[in-house]
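Commentary on secondary and tertiary structure
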Amino acid sequence: MKKEKNKILKFPEGFLWGAATSAHQVEGGNKNDWTGWEKKNAKRLAKEAKTKWATWQQEKFPEMFDPKNYVSGRACDHYKRYEEDLDIAKSLNLSAFRISIEWSRIEPKEGKFDEKEIKHYRKVIKAIRARGMEPFVTLWHYTLPIWLVEKKGILNKKFPEYFARYSQYIAKNLNDLCEFWVTLNEPSVVISHSYIEGIRPPQKKNLWLAWRAYRRIMRAHNLSYKSIKEASEKNQVGFANHIKYFKPYKKNSVLDNLAVWVAGYFGNWIFYGLSKNKNDFIALQYYFRFRLKFPRRMINENKDFTDLGWEIFPEGIYYLLKEIDERYSVPIYILENGIADADDIKRKKFVKDHLQFVYAAIRHGVDVRGYFHWSLLDNFEWDKGFWPRFGLVEVDYKTLERKIRPSAREYAKICKNNSLVL
Ligand code: BGC
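Residues numbered from 1 in each chain as written. Predicted model: local features only at pLDDT ≥ 70, side-chain atom pairs only at ≥ 80, totals over all residues. Heavy atoms only, no water.

**Section: the site of the ligand**
Around the ligand, the surrounding shell holds 14 residues, and the nearest of these are Gln-25, His-141, Glu-186, Glu-336 and Glu-381. Glu-186 has a polar side-chain atom sitting 2.6 Å from an oxygen atom of the ligand. Glu-336 has a polar side-chain atom sitting 2.9 Å from an oxygen atom of the ligand. Considering the ligand on its own, with 310 Å² of exposed area, one finds that the protein chains cover 95% of that surface. Tallied by class, the residues present in the shell around the ligand amount to 6 nonpolar, 5 polar and 3 charged. (Near = heavy atom within 4 Å. Polar contact = N/O pair within 3.5 Å; in protein donor to acceptor, adjacent residues only side chain to side chain. Areas by Shrake-Rupley, 256 points an atom, 1.4 Å probe, with all protein chains shown as cover. Nonpolar A, V, L, I, M, F, W, Y, C, P; charged D, E, K, R; others polar.)

And the structure:
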């Protein structure tokens, strides 16, 4: 794939330009499975930073040694400041905005729904619409209510039914305000981080449990799909999939190629097999490329990296879009793509390079309908805490002041013109 030069790349009319967020990462003041886990593990995570990160990362982000970095606390205080944040999103010419609903707020006790909280999210979604943006609503972005965790969380046999009941309640109460629904965020990440690597709650490293979690999660999606469609046939429903671009470390190695096939099947595609005919669109979330040297993942030497050490590989998004298009014939939305870049020196190029490949895929017939940058704000990056900075907008966690980054202004131009100038 060659990059184009000296051109104006015009995106299709109606293409959605957005930014994505998730409740726990920005809202603040949550009480869910993560909040307890964060407090319990903060000191350990701060201590482990010494061995986990490279010297340049340790020097650049000394906050990784502070246990406070690992506790979400008030996060960006977005729960209270959503109007201000949506004003910023509007000022960046966004035409779509992705949020997630915090399950533990809506159903703090089993089967008891909190009307005050649903009213809150109604206000938020109305505020998104009032600013001319199309809302995309995720029902579950990693965090679980405490009552559910006390009953084994995802591993509870009835998990799919619990999720369907919650979905039904949400769909009934928000149906008049949105059309685009994302049932779950990144099943592959939930499974790999919680049950294969065992680094996120509930930290159970067990392949048998991982397999059970796979099936429960996808059944939960299927039931949720049904509930949302029952609320209205016009609703568009899908789940957000972290689709990784895998390459063999050595092109001709049979074992490396086998590793790529297995990783692709279990990491990317199995979920569609388990949710046949229950995806009105495919939501691609793309961050990096993995090279596999059987049986493990390799760091790519001498490549361009983000602050997290992730390889920047814009071309990957083109190959994945093409592959999705060959496998499935539904529209595609890119619901996350972004970079941890505290100094904002790589973000502008990152966005433009990725969009160039998105454009190439569209020109080659792939039905891509929107691009959402991750994220609007710097936010709480799960087990890594606050130091990775993914925001188009910088957040000062002491004063909570927001500052639009220069790269965001560039993105705003693209959104405004619906085109990318090379
Ligand atoms: C997740 C986000 C996360 C981002 C960057 C995505 O996989 O959905 O919650 O912050 O990646 O790591």
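**Comments concerning the pairing of strand β4 (residues 134-140)**
Along β4, 7 of the 7 residues are buried, which leaves the element largely enclosed by surrounding structure. Pairing geometry for β4 and strand β5 (residues 180-185), over 4 bridges, is parallel. Looking at β5, one finds that Thr-138 is bridged to Val-182. (Buried < 20%, exposed > 50% of the residue type's maximum accessible area, 1.4 Å probe, protein only. Helix = DSSP H or I, 4+ residues; strand = E, 2+ residues; numbered from the N terminus. Pairing = 2+ DSSP bridges.)

**With respect to the pattern of salt bridges**
Per the stated rule, a full pass over the model turns up 31 salt bridges. Put simply, Asp-87 and Arg-131 hold a salt bridge, and the shortest N to O gap is 2.8 Å. Taken as a pair, Asp-87 in helix α4 (residues 78-91) and Arg-131 in the loop between α6 (115-130) and β4 lie far apart in primary sequence, 44 residues in all. Using a relative accessible area of 41% as the deciding quantity, one classes Asp-87 as partly exposed. On the accessibility criterion, Arg-131 (13% relative accessible area) is buried. (Salt bridge = Lys/Arg side-chain N within 4 Å of Asp/Glu carboxyl O.)

**Considering the state of the cysteines**
A complete count under the given rule lists 0 disulfides for this structure. Counting only cysteine sulfurs, Cys-76 is the nearest neighbor of Cys-415, a cysteine outside any disulfide, at a range of 20 Å. (Disulfide = S-S within 2.5 Å.)

**Structural notes on the environment of His-24**
Among the structural elements, His-24 can be located in helix α1 (residues 23-26). For the pair formed by His-24 and Cys-415, sequence separation is 391 residues and the distance between their alpha carbons is 27 Å.

**Digging into the sheet that holds strand β2 (residues 16-20)**
Taken in spatial order, the 8 strands of this closed barrel run β2-β3-β4-β5-β6-β8-β11-β12, and their pairing is parallel. Recorded for the sheet is a direction-independent mean angle of 25° between the axes of neighbouring strands. Bridge analysis of strand β3 (residues 96-100) against β4 gives 5 bridges, and the strand direction is parallel. Residue pairing across strands places Ser-100 opposite Thr-138, the latter belonging to β4. The sheet strands contacting helix α9 (residues 187-196) are β4, β5 and β6 (236-242), and the helix crosses β6 at an angle near 40°. On the sheet, helix α14 (residues 406-417) packs against β2 and β12 (368-374) and is oriented at approximately 145° with respect to β2. (Axes fitted to C-alpha atoms, helices over the stretch in contact; angles between N-to-C directions. Contact = heavy atoms within 4.5 Å.)

**Comments concerning the sheet that holds strand β9 (residues 289-293)**
One open sheet holds the 3 strands; their spatial order is β7-β9-β10, and the pairing between them is mixed. Of all strands in the sheet, those bounded by a partner on one side alone are β7 (245-248) and β10 (296-298). In this sheet, neighbouring strand axes are inclined to one another by 45° on average, regardless of whether the strands run parallel or antiparallel. Pairing of β7 with β9 involves 4 bridges; the strand directions are parallel. The residue of β9 that forms the bridge with Lys-247 is Arg-291. Sheet strands in contact with helix α11 (residues 254-273) are β7 and β9, and its direction is about 165° off that of β7.

**Focus on the packing of aromatic side chains**
Here the structure, examined in full by the defined rule, presents 47 aromatic pairs. Taken together, the ring pairs in this structure connect Trp-211, Tyr-214, Phe-239, Trp-269, Phe-271, Tyr-272 and Tyr-328 into an aromatic cluster. Lying across the ring of Tyr-79, Arg-105 places its NZ or CZ 3.9 Å from the centre. Stacked on the ring of Phe-313, the Lys or Arg Arg-289 has its end atom at 3.9 Å from the ring centre. (Phe/Tyr/Trp six-rings, centres within 6.5 Å; stacked < 30°, edge-to-face > 60°. Lys NZ or Arg CZ within 6 Å of the ring centre and 35° of its normal.)

**Topic: the environment of Gly-132**
With respect to the helices and strands, Gly-132 occurs in the loop between α6 and β4. Here the alpha-carbon distance between Gly-132 and Leu-335, two residues 203 residues apart in the chain, equals 18 Å. In contact with Gly-132, other than residues within four places in its own chain, are Leu-94 and Ser-95.

**Concerning the packing of helix α8 (residues 159-174) against helix α10 (residues 207-231)**
Helix packing for two helices is described by the angle between their axes and how far apart those axes are. Between α8 and α10, the shortest axis-to-axis distance is 8 Å and the interhelical angle comes to 25°. Comparing the axis directions of α8 and α10 gives the class roughly parallel. Viewed along their axes, α8 and α10 form a crossing whose handedness is right-handed. Contact with α8, carried on its side by Phe-159, Pro-160, Glu-161, Phe-163, Ala-164, Ser-167, Gln-168 and Ala-171, involves Arg-216, Ile-217, Arg-219, Ala-220, Leu-223, Ser-224, Ser-227, Ile-228 and Ala-231 of α10 and no other residues of that element. For the contact of α8 with α10, the class distribution of residues is 10 nonpolar, 4 polar and 3 charged. (Parallel < 35°, antiparallel > 145°, perpendicular 65-115°, else oblique. Left-handed = near helix turned anticlockwise from the far one by under 90°.)

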